Amino acid sequence: MPLARSLSITSLSGLEEWDEEFDLEDAVLFEIAWEVANKVGGIYTVIQTKARLTAEEWGENYFLVGPYVESNVRTQVELIEPTNPALKRAIDKMNSSGCKVYFGRWLIEGSPYVVLIDVAFTAWNLDKWKKELWDNFSIGVPWFDREANDAVLFGFLTAWLLGEIDHRDRPPPHILAHFHEWLAGLGLALCRQRQLPVATIFTTHATLLGRYLCAGSVDFYNNLADFNVDKEAGDRQIYHRYCLERTAARCAHVFTTVSQITAVEAEHLLKRKPDIITPNGLNVKKFSAMHEFQNLHAQSKNRIQEFIRGHFYGHLDFNLDKCLFLFIAGRYEFSNKGADIFLEALARLNYLLRVNHSDVTVVAFFIMPARTNNFNVETLKGQAVRKQLWDTAQTVKERFGKKLYESLLVGQLPDVSKMLDKDDFTMMKRAIFATQRQCQPPICTHNMLEDSNDPILTCIRRIGLFNSSADRVKVIFHPEFLSSTSPLLPMDYEEFVRGCHLGVFPSYYEPWGYTPAECTVMGIPSISTNLSGFGCFMEEHIADPSAYGIYILDRRYRGVDESCNQLTSYLFQFCQQSRRARIIQRNRTERLSDLLDWRYLGVCLSKHSHGVLSVSHPLNPTNLSFQAQGFRYPRPASVPPSPSLSRHSSPRQSEAEEDDDRYDEDAEAEKDRLNIRQPLTLPSKKGPALPYTLPGANGEKNGAASVKN
């Protein structure tokens, strides 16, 4: 039956009547997620990057709660004694009752406190807790779903921890618990069912059912209102997971999502409209000199070029100085991440570059982890041949230099024809012979376990991009995460992104999108879609995103073929840009990093944290919906603009003409800085909280008087 909702948080039984104003010294924030000190997906990045700002605001009263994973704790966590007396008593009591709960500091920026719960050690309670889950919520969890079993254990242990917080201190601490995703959501529902004095926030970063539906190649966004959610979840055997997620969303005092597109999705699939949108941010480190990140781009690009020299040995018939590096990265979700439309656009781009006799070569990287058994032998051989050629060149150079030095010592100009002897030519001929290659450069850098059924390789076979000499578009599939210790491409992901020219992320399902956001803060242009949270955010706050290197692909109101043509047009026009135009565009892109800084985006979440804690007797109810006033970049007046379908149609200017373009970097940067408002001042630990009511309440009931489904 549908969940009833009470008028406000203050009417919830079990929630003490807190004063309208309180000190943050008496408030405690618990942030609960399965990815605390446990990297699984994008939520790890959200929590890790936000931790420093939150720790600065809440100080000693901020605690992250996550699962205990020994391999992660050994390298990421320093175990210490609990610092908070009430929390220490709670942990000691749980440990004496047969649990294993650890306390420490997460060794990331901000060094936040973490409470880590060993769910496996308490697995003997699983059957009992499943029965309680059924009795109180009518949710049954099958025995074979290990991930859901872990969610049950983690939820009950989290609620146990919050319930054990000793309230003997006077005044008692005001507890705010922020839960992320369905894996932690059961703890929120249990806090409500047990009437614990805990104010709760639930954030869904992507709905479970939405991800499954999109992976099934359905027309998702045009049919959101028509889905029979119970039937769809049951057909995909995730009904129990869906119930856990929906219960947490309906029970939370404040329900948030990370983007407007996900808010629409949550309203239809979880049956509750989010109270607030909380976009994800990053810790942005600004350079003291504007050209510094351009230098980093050049350095990283040189390292990618070295890899290209080895990978294409014997077929290196293109100019690396006129070579553009494109990439797509993320989870291997072929359709959801847009790899299908990207490959089709690359095939069309290859045709356009060939018929227009372009001297530009495009190398497209696919960085998506898949099942492999080892590196490709041919790929490793290429890097070995490259190194051998380099060693040969260095040897010949040393011998040439020695002869040149001796000739100059005796006061004679060298006879160049005699500087290289027979041995030198023999050595170079052997090196050239070693570069002979009968086969084409490999597409994949690894041996795939399911080569014949792999979606990317199957699509490449269909479109015929085999890295031949005639192709102006080359494809490299790297099915594992990048690492600086790799013998093949020894670069961290950040270094690799900095060395590329364009990130391409034409996702069909992307609730936020950290990959284009990371490109932006590093000054790399990117292509996103209006079905991604990042793309919608940029469209809202930038008058002309393409002028700043943020290309927004329309995948909501166009067919697949139309979207593919639009993507092809973006790629082709990007290939036509001059080097100077790309430098200007990177400067503009990097200036957008302020929009994605947690010091701006964290303000709205902070306001809600304080608002939820000051709900007792609001004298002047205030809607704290986050309005990003001032977050609006106008279209830059200077030229050259970036290519876009909406641009004026004047002919492209030549390299010589560009020197006369009116472009003042400093003046334009100053205008952009003025368009970004200063970060709002967060309430101090001693300052009063703002009076608060749930946004959009208007008398609507919020909260849950009954949480039985």
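Please refer to the structure placed before this passage.
Residues numbered from 1 in each chain as written. Predicted model: local features only at pLDDT ≥ 70, side-chain atom pairs only at ≥ 80, totals over all residues. Heavy atoms only, no water.

## Focus: the overall build of the chain
So, step 1. A tally of helices and strands in the chain yields 24 helices and 17 strands.
So, step 2. Burial status across the chain gives 57% buried among its 709 residues.
So, step 3. For the chain, contacts bridging at least 24 residues in sequence account for 76% of all contacts bridging at least 6.
So, step 4. Of the roughly 30,400 Å² of accessible surface on the chain, a fraction of 51% belongs to carbon and sulfur atoms. (Helix = DSSP H or I, 4+ residues; strand = E, 2+ residues; numbered from the N terminus. Buried < 20%, exposed > 50% of the residue type's maximum accessible area, 1.4 Å probe, protein only. Contact = heavy atoms within 4.5 Å. Areas by Shrake-Rupley, 256 points an atom, 1.4 Å probe, with all protein chains shown as cover.)

## Comments concerning the packing of helix α11 (residues 292-311) against helix α13 (residues 377-409)
So, step 1. Orientation of α11 relative to α13, taken along the N-to-C sense of each, is 110°, at an axis distance of 7 Å. One finds that α11 runs roughly perpendicular with respect to α13. Residues Glu306, Phe307, Arg309, Gly310 and His311 of α11 pack against Thr379, Gly382, Gln383 and Arg386 of α13.
So, step 2. A breakdown of the residues in the contact of α11 with α13 according to their chemical character gives 1 nonpolar, 5 polar and 3 charged. (Axes fitted to C-alpha atoms, helices over the stretch in contact; angles between N-to-C directions. Parallel < 35°, antiparallel > 145°, perpendicular 65-115°, else oblique. Nonpolar A, V, L, I, M, F, W, Y, C, P; charged D, E, K, R; others polar.)

## Some remarks on a nonpolar patch on the surface
So, step 1. The grouping of Tyr405, Leu409 and Val410 at the surface amounts to a nonpolar patch, some 360 Å² of accessible area in total.
So, step 2. Position of Leu409 among the secondary structure elements: in helix α13. (Patch = residues over 30% accessible without salt bridge, like charges linked within 9 Å, V, L, I, M, F, W, Y side chains within 5 Å. Salt bridge = Lys/Arg side-chain N within 4 Å of Asp/Glu carboxyl O.)

## Regarding the environment of Glu81
So, step 1. Here Glu81 shows up in the loop between β3 (77-79) and α3 (85-96).
So, step 2. Given the relative accessible area of 57%, Glu81 is considered exposed.
So, step 3. Linking Glu81 and Arg105, residues 24 residues apart in sequence, is a C-alpha distance of 9.9 Å.
So, step 4. Setting aside chain neighbours within four positions, we find Glu81 in contact with Lys88 and Phe103.

## A short note on the pattern of salt bridges
Once the charged atoms of two side chains with opposite charge are near each other, the side chains can pair.
So, step 1. Following the criterion strictly, the structure yields 35 salt bridges and no others.
So, step 2. With a shortest N-O distance of 2.9 Å, Arg272 and Asp275 are connected by a salt bridge. With respect to class, Arg272 is no different from Asp275; both count as buried.
So, step 3. Measuring nitrogen to oxygen at the nearest pair gives 3.2 Å for the salt bridge that ties Asp424 to Arg399. Taken as a pair, Asp424 in helix α15 (residues 422-434) and Arg399 in helix α13 lie far apart in primary sequence, 25 residues in all.
So, step 4. The exposure class assigned to Arg399 is partly exposed, which follows from its relative accessible area of 28%.
So, step 5. One continuous salt-bridge network, built from bridges that share partners, spans Arg52, Glu56, Glu109 and Arg599.

## What to know about the packing of aromatic side chains
So, step 1. Within this structure, the stated rule accounts for 27 aromatic pairs.
So, step 2. On the basis of an interplanar angle of 70° and a centroid distance of 5.6 Å, the ring pair of Tyr221 and Tyr508 is categorised as edge-to-face. Pair noted here: Tyr221 is in the loop between α7 (208-215) and α8 (229-235) and Tyr508 is in the loop between β15 (502-504) and α18 (514-521), with a separation of 287 residues, a long-range link. With respect to class, Tyr221 is no different from Tyr508; both count as buried. (Phe/Tyr/Trp six-rings, centres within 6.5 Å; stacked < 30°, edge-to-face > 60°.)

## Digging into the side chain of Thr45
So, step 1. In this structure, Thr45 sits in helix α1 (residues 42-58).
So, step 2. A residue is classified by how much of its surface remains accessible, and Thr45, at 17% relative accessible area, is buried.
So, step 3. When neighbours within four sequence positions are excluded, Thr45 is seen to be in contact with Leu282 and Tyr514.

## Re helix α10 (residues 260-269)
So, step 1. For α10, the set of buried residues is Ile261, Thr262, Ala263, Glu265, Ala266 and Leu269.
So, step 2. In the core, the buried residues of α10 are packed alongside α7, α8, α9 (239-251), β8 (254-257), β9 (276-277) and α19 (533-541).
So, step 3. Downstream of α10 by a residue or two, Lys271 has a phi angle that is positive, lying close to 65°.

## Topic: the pairing of strand β7 (residues 198-204)
So, step 1. Of all the 7 residues making up β7, 7 are buried; the element is thus mostly covered by neighbouring parts of the structure.
So, step 2. Burial along β7 is two-sided: the face carrying Val198, Thr200, Phe202 and Thr204 and the face carrying Ala199, Ile201 and Thr203 are both buried.
So, step 3. Note: strand β6 (residues 174-180) against β7, 6 bridges, orientation parallel. Its bridge partner being in β7, His178 is matched across the sheet by Ile201.
So, step 4. With respect to chirality, the unit in which β6 leads through helix α6 (residues 181-193) into the neighbouring parallel β7 is right-handed. (Pairing = 2+ DSSP bridges. Right-handed = clockwise from strand over helix to strand, strands pointing away.)

## A short note on the nonpolar core
Proteins that are soluble and globular tend to have nonpolar side chains buried together.
So, step 1. The biggest cluster of nonpolar side chains holds 90 residues, and the ones touching the most others in it are Ile308, Leu346, Phe365, Phe366, Phe496 and Leu571.
So, step 2. Top element by residues in this core is helix α12 (residues 339-355). It accounts for 9 residues.
So, step 3. Discounting chain neighbours no more than four positions away, the residues touching Ile308 are Leu316, Phe318, Leu320, Phe325, Val363, Phe365 and Ile476. (Core = buried A, V, L, I, M, F, W, Y, C linked by side-chain atoms within 4.5 Å.)

## A closer look at the packing of helix α4 (residues 126-137) against α6
So, step 1. At a minimum axis distance of 12 Å, the contact between α4 and α6 shows a crossing angle of 60°. In this view, α4 runs oblique relative to α6, as classed from their interaxial angle. Crossing of α4 over α6 shows left-handed handedness. Residues Leu133, Asn136 and Phe137 of α4 form the contact with α6, whose participating residues are Leu186, Ala189, Leu190 and Gln193.
So, step 2. For the contact of α4 with α6, the class distribution of residues is 5 nonpolar, 2 polar and no charged. (Left-handed = near helix turned anticlockwise from the far one by under 90°.)

## Observations regarding the sheet that holds strand β11 (residues 361-367)
So, step 1. With parallel pairing, the 6 strands of this open sheet are ordered in space as β14-β11-β10-β15-β16-β17. Two strands lie at the open edges of the sheet, namely β14 (473-478) and β17 (550-553), each paired on one side alone. Each adjacent strand pair in this sheet contributes to an overall mean axis angle of 25°, direction not counted.
So, step 2. With 2 bridges connecting them, strand β10 (residues 323-329) and β15 associate as parallel partners. Residue Leu326 lies in a different strand from β15, and its bridge partner there is Leu502.

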